[in-house]
Structures are given as C-alpha cells and as structure tokens.
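One letter stands for each residue in the lines below.
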Amino acid sequence: MIEMPAVRCDEPGCGDVATHKIASPWSNSQFHELKTYGFACRDHVADVYHRAEVRWLEYEPVPGESVGKIGIYCYEKGVGDRKLAHDTALEGALLI
C-alpha cells in the first residue's frame, strides 16, 4: 500500500500539516463534492480563507454548475468530502 503524503498548509512559508479545507459545495447535476479553494493549518486558516474567498467571489459557474457558499471544513487525510465536518464554530469565531 502506498502512503500518500500529508497535505500542507497553503500559507507561504508555512509547510505545516493542513487541519482545515477551505471549500464550497459544488455540483454539475451529476456529481456533488466540495470545490477546494485552499488548505490551512490551525494558525493560518483565517489568512488562507480570506485569499480563497477572493477566488470564490470571482468564480463564474458555467451553465448547469452550481457553487455554494465558501466555508471551513475540518480536514482529515483519506476522508472523502461528504464526510468532512463543516466547522461553523471556527467560521463564526474567525470571520466576525
């Protein structure tokens, strides 16, 4: 079995293991998943979120595609998108 490398924080110069995924619900009517905008360690989740939010706001869905509100999810290596917990408490604390 091949061990996948750990996902790292997207904050420039950090390199710590990611604990959070910044993403939005995405669908094209056949598939439903989280559209990833970034990964962050606990210390940089707010910074990564704010940079990701700019890209989310600029994204233009194509016909038949829907993109939901961007959010912060607890990232766990090897766990599928549908099973990641939406960290609304952290969102509320960081994004006031």
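This text follows the structure it describes.
Nothing here was measured: the structure is a model prediction, and the numbers come from that model.

Here is what the cut-offs are and how they apply
Residues numbered from 1 in each chain as written. Predicted model: local features only at pLDDT ≥ 70, side-chain atom pairs only at ≥ 80, totals over all residues. Heavy atoms only, no water. Pairing = 2+ DSSP bridges. Helix = DSSP H or I, 4+ residues; strand = E, 2+ residues; numbered from the N terminus. Core = buried A, V, L, I, M, F, W, Y, C linked by side-chain atoms within 4.5 Å. Buried < 20%, exposed > 50% of the residue type's maximum accessible area, 1.4 Å probe, protein only. Contact = heavy atoms within 4.5 Å. Phe/Tyr/Trp six-rings, centres within 6.5 Å; stacked < 30°, edge-to-face > 60°. Lys NZ or Arg CZ within 6 Å of the ring centre and 35° of its normal.

Trainee: Go over the pairing of strand β2 (residues 32-40), please, and point to the residues and values.
Mentor: Across eight bridges, the pairing between strand β1 (residues 20-27) and β2 is antiparallel. For His20, the partnering residue across the bridge sits in β2 and is Ala40.

Trainee: Could you give me a rundown of the nonpolar core, with the residues and numbers involved?
Mentor: Core analysis: the largest hydrophobic core is formed by 12 residues, namely Cys9, Ile22, Tyr37, Ala40, Cys41, Val45, Val48, Tyr49, Ala52, Ile70, Ile72 and Leu90. Residue assignment for this core shows that the elements contributing at least two residues are β2 and α1 (45-58). The element best represented in this core is α1, accounting for four residues. With near-sequence residues (within four places) excluded, Tyr37 lies in contact with Ile22, Ala23, Ser24, Ala52, Arg55, Trp56, Tyr59, Val67 and Ile70.

Trainee: Just give me the short version of the packing of aromatic side chains, but keep the residues and values in it.
Mentor: Tallied over the entire structure, the rule returns one aromatic pair. Aromatic side chains Phe39 and Tyr75 sit 5.1 Å apart centroid to centroid with 75° between the ring planes, which places their arrangement in the edge-to-face category. Of this pair, Phe39 sits in strand β2 while Tyr75 sits in the loop between β4 (71-74) and α2 (88-94); the two residues are 36 residues apart in sequence, bridging distant segments of the chain. Given the relative accessible area of 19%, Tyr75 is considered buried. It is Lys35 that lies over the ring of Tyr59; its NZ or CZ is 4.4 Å from the centre.

Honestly, it's all geometry; don't read function into it.
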